[in-house]
Amino acid sequence: MVVYSLYILNKAAGLIYQRDFNEGLKRLSSNDYLVLSGTFHAVYAIASQISPVSSSSGIEVLETEKFRLQCFQTLTGTKFLLISEPRQQNTDAILRRIYELYSDFVIKNPFYQIEMPVRCELFDRHLATYIRGIP
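Not measured: the values here are computed from a predicted model. (Residues numbered from 1 in each chain as written. Predicted model: local features only at pLDDT ≥ 70, side-chain atom pairs only at ≥ 80, totals over all residues. Heavy atoms only, no water.)

S.K.: Looking at this structure, how should I read the overall build of the chain?
M.R.: Looking only at helices and strands, one finds three helices and five strands in the chain. Secondary structure of the chain in N-to-C order comes out as β-β-α-β-β-β-α-α. Relative to the globule expectation of 14 Å for 135 residues, the C-alpha radius of gyration of the chain, 15 Å, shows essentially globular dimensions. For the chain, the spread of C-alpha atoms along the principal axes amounts to about 40 × 35 × 30 Å. The burial tally for the chain puts 39% of its 135 residues in the buried class. Partitioning the intrachain contacts of the chain with sequence separation of at least 6 by distance along the chain shows that 46% fall at a separation of at least 24. (Helix = DSSP H or I, 4+ residues; strand = E, 2+ residues; numbered from the N terminus. Rg over C-alpha atoms; globule rule 2.2 N^0.38 Å. Buried < 20%, exposed > 50% of the residue type's maximum accessible area, 1.4 Å probe, protein only. Contact = heavy atoms within 4.5 Å.)

S.K.: Before we go on, may I ask you to explain helix H2 (residues 91-107) in this structure?
M.R.: Working note: α-helix, 3.6 residues per turn, so residues spaced by three or four point in the same direction. The end-to-end C-alpha distance of H2 is 22 Å, a good match for the 24 Å that 17 residues give at a rise of 1.5 Å each. Listed in full, the buried residues belonging to H2 are Thr91, Ile94, Leu95, Ile98, Leu101, Tyr102, Ser103 and Val106. Considering only its buried residues, H2 is in contact with strand S1 (3-9), strand S2 (15-20), strand S4 (68-73), strand S5 (79-84) and helix H3 (121-132). (Expected span 1.5 Å × (residues − 1).)

S.K.: Could you clarify how one ought to interpret the layout of surface pockets in this entry?
M.R.: Here the idea is plain: a probe the size of a water molecule rolls over the atoms and shows the empty space left. In this structure, the largest pocket spans a volume of roughly 360 Å³. What lines the largest pocket is a set of 18 residues, among which Tyr7, Leu36, Phe67, Leu69 and Ile83 lie closest to the centre. Of all the secondary structure elements, the ones that give two or more residues to the lining of the largest pocket are S1, helix H1 (30-50) and S5. The class makeup of the residues in the lining of the largest pocket is 14 nonpolar, two polar and two charged. (1 Å grid on protein atoms, 1.4 Å probe; cavity = no way out; pocket = protein on both sides within 12 Å on 5 of 7 lines; lining within 4 Å. Points joined across faces, edges and corners; volume = space filled by probe spheres on them. Nonpolar A, V, L, I, M, F, W, Y, C, P; charged D, E, K, R; others polar.)

S.K.: Would you mind going over the environment of Arg87 with me for this structure?
M.R.: Summarising the element assignment, Arg87 is placed in the loop between S5 and H2. Between the C-alpha atom of Arg87 and that of Arg68, which follows or precedes it by 19 residues, the distance is 8.1 Å.

S.K.: What should I look at first to understand the sheet that holds S2 in this one?
M.R.: The pairing of strands in a sheet comes from backbone hydrogen bonds and takes either a parallel or an antiparallel form. What the five strands build is an open sheet, ordered S2-S1-S5-S4-S3; its pairing is antiparallel. A single partner strand is all that each edge strand has here, and the edge strands are S2 and strand S3 (61-63). The average angle at which neighbouring strand axes cross in this sheet is 10°, direction not considered. In this sheet, S5 lies alongside S1 in antiparallel orientation, the contact comprising six bridges. (Pairing = 2+ DSSP bridges. Axes fitted to C-alpha atoms, helices over the stretch in contact; angles between N-to-C directions.)

S.K.: Help me understand the packing of aromatic side chains in this model?
M.R.: The description of an aromatic ring pair uses the distance of the two centres, along with the angle that the planes make with each other. Enumeration over the complete set of coordinates arrives at nine aromatic pairs. For the ring pair Phe80 and Tyr99, a centre distance of 5.6 Å and an interplane angle of 75° mean the geometry is edge-to-face. Taken as a pair, Phe80 in strand S5 and Tyr99 in helix H2 lie far apart in primary sequence, 19 residues in all. The buried category is assigned to Phe80, whose relative accessible area is 0%. Seen from their ring centres, Tyr102 and Phe123 are 6.2 Å apart, and the 75° between their planes marks the pair as edge-to-face. Of the two residues, Tyr102 sits in helix H2 while Phe123 sits in helix H3, which places them 21 residues apart along the sequence. For the pair Tyr102 and Phe123, a shared accessibility class is recorded, and that class is buried. (Phe/Tyr/Trp six-rings, centres within 6.5 Å; stacked < 30°, edge-to-face > 60°.)

If you want it as structure tokens, here you go:
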């Protein structure tokens, strides 16, 4: 199974982290990544408002024949988007583990400012090790 990409969006829809894990992916421009994060944030908000189920949280999974996008939103409004192949199992557990790594190596970093872009080598290394070990 393959994990393609990870995006982390702050509560204002700003893209604070993006990483591709598959060499064959087409690279987007910086502007395209920002448009992608803003668009997902807007669709997520609209979906939570028009849902027939009260207190809906918005889009959690978007599945196509070619990829699966799984979203995990924290209590603070930070969104973790994981793009994987459609058959990837336990993507919700993978996102929770990524959130744990984010909490341990980014949030607990005394030099990190909340809502700002993530620049943490320890997070990058531990994330890459974890993703490589996913069956």
